Amino acid sequence: NFVTHRAPGQPERRCLLPRRRDMPADHGLLVVAQATHRQKDLFFVLLQTELGDVYKVTLAAQGDKVSEMVVRYFDSIPTAVSLVILRTGFLFAASEAGNHGLYQFQGVGDDDDSPAASSAQADLGEEAAAVLVDPRPLRNLLLVDELVSAAPLTDCLVAEGAREGGATLTA
C-alpha cells in the first residue's frame, strides 16, 4: 500500500500509493512492475500495480538529501510483468497474458491534475488519508503498437485415460 525510500545516512521516506475509489480499504496494492528514467535534469520511477494502474514517483532533494517523495497517478494500461522506458520517448510494457504494448509519452505527468500522495504528510506525523483515483483514458501515454500475444498456456491438466491407462495432457 505504500512506497518507501531508504538511503544510508538519510531518514526513511514513506508515501501511500493512491487507490482506486471502488477498491475495498482492506485490499492491499501489489506493485508488479517498475521502470526508472534518469537524465541530467529529469528523474522519475514508474510503478504499476496488479490492477494496471501506473504511478509516477518523484523525489525532491535539498542538496544530497531527499526531502520529499511524491506518488502521482499517471495512467492505466494492461498489467505488465516488465516496463522499459526507452530514451527515444517510448514505454514498452511486456504482458504475461495479453498483448505487449509500445506507448509513446505524450507528457510526463507534471502538468497533470491527477491526485498525488506525498511523504510530507507522514513526516508531519499526520494520519495519512488514502488518495482516491478513478481510472481514465490514457492521457500521458499513447498506444502506438501492439505485439500480439501467442496466448501462452496458463493451465494444464493431466488426466488418466479410461481405456488405455496412459496419461493425457489437456490444455
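For the structure itself, consult the block above.
Nothing here was measured: the structure is a model prediction, and the numbers come from that model.

**Side note on the side chain of Gln10**
Stage number 1. In this fold, Gln10 is placed in the loop between strand E1 (2–5) and strand E2 (13–16).
Stage number 2. Residues contacting Gln10, with those up to four places away along its chain left out, are His5, Asp64, Lys65 and Val66.

**Here we look at the packing of aromatic side chains**
Stage number 1. All chains considered together, the criterion is met by two aromatic pairs.
Stage number 2. Seen in terms of ring centroids, Tyr55 and Tyr73 are 6.3 Å apart; in terms of plane orientation they differ by 70°. Their pairing is edge-to-face. Here Tyr55, found in strand E6 (residues 53–62), pairs with Tyr73, found in strand E7 (residues 65–76); they are 18 residues apart in sequence, far enough to count as distant. Of the two residues, Tyr55 and Tyr73, neither departs from the other in class, the shared state being buried.

**With respect to the sheet that holds E7**
Stage number 1. Taken in spatial order, the five strands line up as E4-E5-E6-E7-E11 in an open sheet, and their pairing is antiparallel. For this open sheet the edge positions go to strand E4 (31–38) and strand E11 (116–118), each flanked by a neighbour on one side alone. Taking each pair of neighbouring strands and ignoring which way they run, the sheet shows an average axis angle of 20°.
Stage number 2. Sheet topology note: the E7/E11 ladder contains three bridges and is antiparallel. Pairing of Val70 across the sheet is with Ser118, part of E11.

**Notes on the sheet that holds strand E13 (residues 141–147)**
Stage number 1. Taken in spatial order, the four strands make up an open sheet running E8-E9-E10-E13, and their pairing is antiparallel. Each end of this open sheet is capped by a strand with a single partner; those strands are strand E8 (82–86) and E13. Averaged over all adjacent pairs, the angle separating strand axes in this sheet is 20°, with direction ignored.
Stage number 2. As paired strands, strand E10 (residues 100–105) and E13 are joined by six bridges and run antiparallel to one another. What sits directly across from Gln104, in E13, is Leu142.

**Remarks on the environment of Asp113**
Stage number 1. Mapped onto the elements, Asp113 comes out in the loop between E10 and E11.
Stage number 2. Between the C-alpha atom of Asp113 and that of Tyr73, which follows or precedes it by 40 residues, the distance is 9.4 Å.
Stage number 3. Not counting chain neighbours up to four residues away, the residues in contact with Asp113 comprise Arg72 and Arg139.

Here is what the cut-offs are and how they apply
Residues numbered from 1 in each chain as written. Predicted model: local features only at pLDDT ≥ 70, side-chain atom pairs only at ≥ 80, totals over all residues. Heavy atoms only, no water. Helix = DSSP H or I, 4+ residues; strand = E, 2+ residues; numbered from the N terminus. Contact = heavy atoms within 4.5 Å. Phe/Tyr/Trp six-rings, centres within 6.5 Å; stacked < 30°, edge-to-face > 60°. Buried < 20%, exposed > 50% of the residue type's maximum accessible area, 1.4 Å probe, protein only. Pairing = 2+ DSSP bridges. Axes fitted to C-alpha atoms, helices over the stretch in contact; angles between N-to-C directions.

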